[in-house]
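Structural description and commentary
Here's the letter readout for the chains.
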Amino acid sequence: INKRVPLGDLVAEHGGQSFVFEISGTDSKGDTIVYHRVISFADVKNVSTAGDAEKGLIASGEAAGSVTHSVTLTDIPTGNYTVKEIKADRYELKTIEIVSGDLIVAADGSGEKYASGLLDGNGGEVTFCNEKADWTGFSDTSSVVNHIGG
C-alpha cells in the first residue's frame, strides 16, 4: 500500500500526519481476515524542496512535488480482499491508483472509494492519493499498532 500526498501539504504546525488502512476479506478457506496498517509522514513534516529529491523524499515524473510512503503486508492468505483508507483528519482522498495485481477501484453506496480484488502469491500494489482539505488550527497525532497473540 502506497500513500502519496503533495509536498506542500506537510506542515510542521499540523503535526506528522498518519493514515490508517483496513485490509479485509475472505481467504480461500472462507475465513474472514482483517488487517490494519498505518502509514505516517512524521519524518517528513519539515521537508523542503531543496535537496530532498536526493534523499528519496520527493517523487519525480507524474508524482512530482509529492511524497510517497509505503507499507508492505506479507504472507497474506490467498483470497478476495478490500483495501480502504479510514477517513483522515484534514485530508480528502482524491484518487486510488492500481500499480499491480488483479485489483479494481470501486465505491460503496456512500461513495467511499476502495481497492478490491483477488490477492494471491503474485501480490498487488495500490496507491492512495490525498490532498489537504483543512488548513485551520494547529494539531498533531499519534498512533500505535498493538500486536496481540503468540
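Calculation rules
- Residues numbered from 1 in each chain as written.
- Predicted model: local features only at pLDDT ≥ 70, side-chain atom pairs only at ≥ 80, totals over all residues.
- Heavy atoms only, no water.
- Pairing = 2+ DSSP bridges.
- Helix = DSSP H or I, 4+ residues; strand = E, 2+ residues; numbered from the N terminus.
- Axes fitted to C-alpha atoms, helices over the stretch in contact; angles between N-to-C directions.
- Buried < 20%, exposed > 50% of the residue type's maximum accessible area, 1.4 Å probe, protein only.
- Polar contact = N/O pair within 3.5 Å; in protein donor to acceptor, adjacent residues only side chain to side chain.
- Salt bridge = Lys/Arg side-chain N within 4 Å of Asp/Glu carboxyl O.

1. Things to note about the sheet that holds strand 4 (residues 66–70)
An order of 4-1-9-6 is seen for the 4 strands of this open sheet, with the pairing classed as mixed. Here the strands that pair on one side only, and so sit at the sheet edges, are strand 4 and strand 6 (91–100). On average, each strand axis in the sheet is inclined to that of its neighbour by 20 degrees, with strand direction left out of account. Across 8 bridges, the pairing between strand 6 and strand 9 (residues 125–132) is antiparallel. Looking at strand 9, one finds that Tyr91 is bridged to Lys132.

2. Concerning the environment of His69
Following the sequence through the fold, His69 ends up in strand 4. We classify His69 as buried; its relative accessible area is 16%. It is 7.6 Å that separates the C-alpha atoms of His69 and Ser40, two residues lying 29 residues apart in sequence. A polar contact of 3.0 Å, which involves the side chain of His69, links it to the backbone oxygen of Ser40.

3. Side note on the pattern of salt bridges
Counting across every chain of the model gives 4 salt bridges. A salt bridge links Glu85 to Lys3; the nearest nitrogen and oxygen atoms lie 2.4 Å apart. With Glu85 in strand 5 (residues 79–85) and Lys3 in strand 1 (residues 2–6), this residue pair connects regions lying 82 residues apart in the sequence. Owing to a relative accessible area of 9%, Glu85 belongs among the buried residues under this scheme. Take Lys3: its relative accessible area is 0%, and that puts it in the buried class. In this structure, Glu92 and Lys94 form a salt bridge, with 3.4 Å as the shortest nitrogen-oxygen distance. Given a relative accessible area of 36%, Lys94 falls into the partly exposed group.

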